[in-house]
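Breakdown of the fold
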Amino acid sequence: MIGAMRTIALDYLTEKLIEKDLPPDNESWYQGLRKNSPGKLFPYLVEDSGKITMVYILEKCGDDLVHLTVQDIIDNADHSTYGCTPDKLPFMRPTGPQSPQVGPVIKRSYDRTKGGGPSEKILVTTMKYFSEIAQEDKPWSLYFQEILNVLYCTKIKIPNGDIINWRESGYVNMLACAVDKIGPQSGTVFLTVRDSKGRLPGENALYVDYLLTEKLAGERYATLQAPAKEKETCCLCNTRDVAIFPNALKGAGINLNNVDRAGAFPGIDTLHAWKKYALCGSCADLLYIYKFHVLKKAGPKKDRQPFGARIAGDSALIIPSFIPGLPAESRLEVIVEAKGYIENIPTDVEFDEDRILDLLKDKETILNLIIIWADVGQEIGNVTGMITNVLPSRLKELSEINGKSLDWKHPLFPKVKLQQGLVNFAPDLSLRALRPLFHRPGGKKAEGANKSRQLFQVKRQIAACVYLQNQIPLERFWEEVLTTARWYWLNAIEQKDGYKGLLYEGLSKKGPFLTAAGWIRHLNWWLYYFKRVGVMEMGKEHFEPNMDELKKYFGPESGINTTDKAFAFMLGVLYGKLLEVQAARKVNVSANALSWLKRLTLRGKDLPELYIKVREKLLAYGTEKNEEVRKLITEIGRVGLKLGDNIKLNDIQTNYYLLLGQSMTVEILPVKEKNKE
């Protein structure tokens, strides 16, 4: 996975820095870039300077005189030899709000009340910091001394032509004078210093080396507890005799395995962490580029995550792994299309970002896909799940089944299809339907149940099984189904006329909405889907009733393959009729028949007693005068005689088929027109 991230970042960097004629070996090109033109690489290793378009430059123009001039920042490679391009102004944010500036590229801000910033206090510590570096025996010490020679001058010529002696004017140093004399600005600008040869910081190899070696690798990828290790082998690129960094992954913004502090590795002494996780600076920099540039949010509102999707209803990251040996140009097509897909989305319609898998499945250069569930913010962290080796061929197979599923017809399938927004049961490669399939109704009361770690794990297990064509772990699957069903039952008990949700799919003037009946019918559809995609066993036999009117409700789509399940399903239909009759008679359904389900804890052995209670009530209400009701009772009685009291259903099977039967009551036993209110 880390190797795949590195490859994507390298291809991205190649595409950004080379306009045409991509090198056949971009690995060699990258190492040459690091050695010969590190200034071009640096803008990709620090934070984006944003929309800063202007720079103020301090340049020595006499024995004790410095000229402050202003230039536009030109984001154009054609002007790289003489213009002020972003790569000549490599900016690094200080380590803290009161920390000294990292180098002579300073963000100058302005506030109407406070004036220009950074503050004098910060600029004093900055000069002290520059002086300390100049006195060290480091390759870049001479560069900082040159900068100090400029800043120690006492006179400064500001853009309007005035010459100011900053000491006599009461400023603490030249930087403070320049920050003040820049004056009011509508936005942030840069303040920088040219060296003795008139070069900007990004043009001086010593300064770039300082940034790459001392600040980036030294501070970002190593810690005091787990320092860099010299002359070792990189775990990722296998380069030998290089410095490797134990905090490379986290320093690059990739916090996997819940490594939540620098240098912390489970089961390994901190000082020996490099042996397992350490990477060279070259690889660490590419991973940084992957996190902060490849995954940089895009789209019209800059709020869409490239290679991001909601898989199984939760935010995930898709990482393509390419066939080895391909040229960069072949791989780049995937990166360009994925980012272009985000950039070109329409702003006036709901955007389906989860269709990224549909785009990737057809790319012949991809060997497989890796899916990780993680938060992508300042870092890729809080990793809660992962699927590896998802084959494009499997995604194509699933896509074909999804297309064919649009023609599946069966009376038990939902008539009111919910396929918009968060309540979207439509089949797709992202398996978004797993969210509403296991979502528990109840608002704030159900928040804890909906955020259950066990629920997240089950949804991701299901996704893994679908993508890898493995059997779904049925015990955990059905436990979560029953938990969801109990929340629907509780919702029906607590709401006025809540019983209606158990009998009717939701449809109003405002459009469709989800009810318990709609949920159970969508669940039945998805159970059939799981069988068709090979992750649940498709029964070879199915129950067939004698009653002609019932026959269309059975078959392989129903999952009713035993007489026990048939008994529970038909009893559910009859029980639903009782709920309907009691409501018509103004009986408190929640306190009466609805309570008989005992919070959906019934088992097969409890069904004969439930059948007797339902029959007694229907007789009392005279409902059995209805011919369809009598036919159903006859069918239930025939099956019941075969079973006796030996109904072998657990609580999950019992309540699933009872609820499924209830959801079909109004179709199997429709209310006569003259009896409708």
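Residues numbered from 1 in each chain as written. Predicted model: local features only at pLDDT ≥ 70, side-chain atom pairs only at ≥ 80, totals over all residues. Heavy atoms only, no water.

Per an unreviewed UniProt entry, the protein chain is named CRISPR-associated protein, and its organism is Pelotomaculum propionicicum.

Across its full length, the protein chain carries 25 helices and 18 strands. Counting only C-alpha atoms and orienting by the principal axes, one finds that the protein chain spans roughly 115 × 55 × 45 Å. A buried classification covers 53% of the 677 residues belonging to the protein chain. Surface accessibility of the protein chain: about 32000 Å² in total, with carbon and sulfur atoms responsible for 48%. With 92 positive and 82 negative side-chain charges, the protein chain shows a separation of 6 Å between the mean positions of the two kinds. (Helix = DSSP H or I, 4+ residues; strand = E, 2+ residues; numbered from the N terminus. Buried < 20%, exposed > 50% of the residue type's maximum accessible area, 1.4 Å probe, protein only. Areas by Shrake-Rupley, 256 points an atom, 1.4 Å probe, with all protein chains shown as cover. Lys, Arg positive; Asp, Glu negative; His and termini not counted. Charge placed at Lys NZ, Arg CZ, Asp CG, Glu CD.)

A few words on the packing of helix 4 (residues 120–135) against helix 5 (residues 141–151). Where helix 4 meets helix 5, the closest approach of the two axes is 7 Å, and the angle between their N-to-C directions is 140°. On the basis of the axis angle, helix 4 is oblique to helix 5. Of the two elements, helix 4 crosses helix 5, and the hand of that crossing is left-handed. Every residue of helix 5 that contacts helix 4 at Met127, Phe130, Ser131, Ile133 and Ala134 is listed here: Ser141, Phe144, Gln145, Leu148 and Leu151. (Axes fitted to C-alpha atoms, helices over the stretch in contact; angles between N-to-C directions. Parallel < 35°, antiparallel > 145°, perpendicular 65-115°, else oblique. Left-handed = near helix turned anticlockwise from the far one by under 90°. Contact = heavy atoms within 4.5 Å.)

This next bit is on the side chain of Ser558. Looking at the secondary structure, you find Ser558 in the loop between helix 20 (548–551) and helix 21 (563–584). Reaching out from Ser558, the side chain makes a polar contact with the backbone oxygen of Gly555 at a distance of 2.7 Å. Engagement of the side chain of Ser558 in a polar contact is seen with the backbone nitrogen of Ile560, the distance being 3.1 Å. Non-local contacts of Ser558, meaning those with residues more than four positions away in its chain, are made with His410, Leu412, Asn524, Tyr553 and Tyr657. (Polar contact = N/O pair within 3.5 Å; in protein donor to acceptor, adjacent residues only side chain to side chain.)

Strand order in the open sheet formed by 4 strands is 11-12-13-14, and the pairing between neighbours is antiparallel. Strands at the two margins of the open sheet, each flanked by one partner only, are strand 11 (308–311) and strand 14 (380–390). With strand direction ignored, the average angle separating the axes of adjacent strands in the sheet is 35°. The sheet contact formed by strand 11 and strand 12 (residues 314–322) spans 4 bridges and is antiparallel. What sits directly across from Arg310, in strand 12, is Ser315. Across the sheet, helix 13 (residues 392–405) touches strand 13 (366–376) and strand 14, and the angle it forms with strand 13 is around 80°. (Pairing = 2+ DSSP bridges.)

With 5 of its 5 residues buried, strand 7 (residues 189–193) lies for the most part within the structure. Here strand 7 shows a buried face lined by Val189, Leu191 and Val193 and a second buried face lined by Phe190 and Thr192. Bridge count between strand 1 (residues 54–60) and strand 7: 4 bridges; the pairing is parallel. Across the sheet, Ile57 pairs through a bridge with Thr192, a residue of strand 7.

As assigned here, the protein chain comprises domain 1 (1–43 + 221–389), domain 2 (52–205), domain 3 (391–537) and domain 4 (540–676). Placing a centre on the C-alpha atoms of domain 3 and another on those of domain 4 gives a separation of 23 Å. With 27 residues of domain 3 at the interface, the matching set in domain 4 holds 32 residues. When domain 3 packs against domain 4, the two sides together hide about 2700 Å² of surface, and 70% of this comes from carbon and sulfur. Three residues stand out in domain 3 for area buried against domain 4, namely Leu412, Trp489 and Leu503, and they jointly supply 25% of the buried area on that side. The interface formed by domain 3 and domain 4 holds 3 salt bridges in total. Linking domain 3 to domain 4 there are 9 residue pairs in polar contact (both at pLDDT 80 or more). Mapped by element, the contributors of at least two residues to the side of domain 3 that touches domain 4 are helix 17 (474–494), helix 18 (500–503) and helix 19 (516–532). (Domains from an automatic or database assignment. Buried area = accessible area lost by both parts, 1.4 Å probe. Salt bridge = Lys/Arg side-chain N within 4 Å of Asp/Glu carboxyl O.)

If you walk through the whole model with that rule in mind, you get 31 salt bridges. Between Glu480 and Arg476 there is a salt bridge; the shortest N-O distance is 3.1 Å. In this pair, Glu480 and Arg476 are both assigned in helix 17, 4 residues apart and thus about one turn of the helix distant. Within the structure, one salt-bridge network assembled from shared partners comprises Lys415, Glu505, Arg521 and Glu667.

So, about the packing of aromatic side chains. Enumeration according to the criterion identifies 29 aromatic pairs in this entry. Judged by centre distance (5.3 Å) and plane angle (90°), the rings of Phe477 and Trp478 are edge-to-face. The exposure class assigned to Phe477 is buried, which follows from its relative accessible area of 0%. Through a chain of ring-to-ring contacts, three or more aromatic side chains come together here, namely Trp408, Phe413, Phe438, Phe477, Trp478, Trp525, Trp526, Tyr528, Tyr529, Phe530, Tyr656 and Tyr657. Cation over ring: Arg220 sits above Tyr288, and NZ or CZ is 3.8 Å from the ring centre. Lying over the aromatic face of Phe292, Lys291 brings its terminal NZ or CZ to 4.2 Å of the ring centre. (Phe/Tyr/Trp six-rings, centres within 6.5 Å; stacked < 30°, edge-to-face > 60°. Lys NZ or Arg CZ within 6 Å of the ring centre and 35° of its normal.)

All right, on to the environment of Cys280 then. As for its placement among the helices and strands, Cys280 is situated in strand 10 (residues 279–280). Taking relative accessible area as the criterion, Cys280 reaches 5% and is therefore assigned buried. Expressed as a C-alpha distance, the spacing of Cys280 and Gln71, which sit 209 residues apart in the sequence, is 37 Å. Not counting residues up to four positions away in its chain, the partners in contact with Cys280 are Cys234, Cys237, Val242, Ala243, Ile244 and Phe245.

Another aspect to go through is the nonpolar core. Ranked by size, the top nonpolar core spans 211 residues in total, and within it Leu58, Tyr467, Phe477, Phe530 and Phe569 carry the most contacts. No other element matches helix 21, which puts 13 residues into this core. When neighbours within four sequence positions are excluded, Phe569 is seen to be in contact with Leu412, Tyr553, Phe554, Ile560, Tyr657, Leu660, Gly661, Met664 and Ile668. Among the nonpolar cores identified, the runner-up in size contains 10 residues, and Ile73, Cys84, Leu89 and Leu200 belong to it. (Core = buried A, V, L, I, M, F, W, Y, C linked by side-chain atoms within 4.5 Å.)

In this section: unusual backbone geometry. A cis geometry characterises the amide bond from Gly117 onward to Pro118, with omega recorded as 10°. With respect to the helices, strands and loops of the structure, Pro118 is situated in the loop between strand 4 (115–117) and helix 4. In this structure, Asn238 takes a positive phi of about 65° despite not being glycine. Residue placement: Asn238 occurs in the loop between strand 8 (229–232) and strand 9 (242–245). Here the phi dihedral of Asn389 falls at roughly 60°; this positive angle occurs in a residue that is not glycine. Looking at the secondary structure, you find Asn389 in strand 14. Under the relative-accessibility criterion, Asn389 is labelled partly exposed at 47%.

So, about the sheet that holds strand 10. As a general point, the strands of a sheet are linked pairwise by backbone hydrogen bonds and lie either parallel or antiparallel. The antiparallel open sheet is built from 3 strands, whose spatial order is 8-9-10. Both edges of this open sheet fall to strand 8 and strand 10, since each of them pairs with a single strand only. Of the pairings in the sheet, the one linking strand 8 to strand 9 comprises 2 bridges and is antiparallel in character. Bridged to Lys229 within strand 9 is Ile244.

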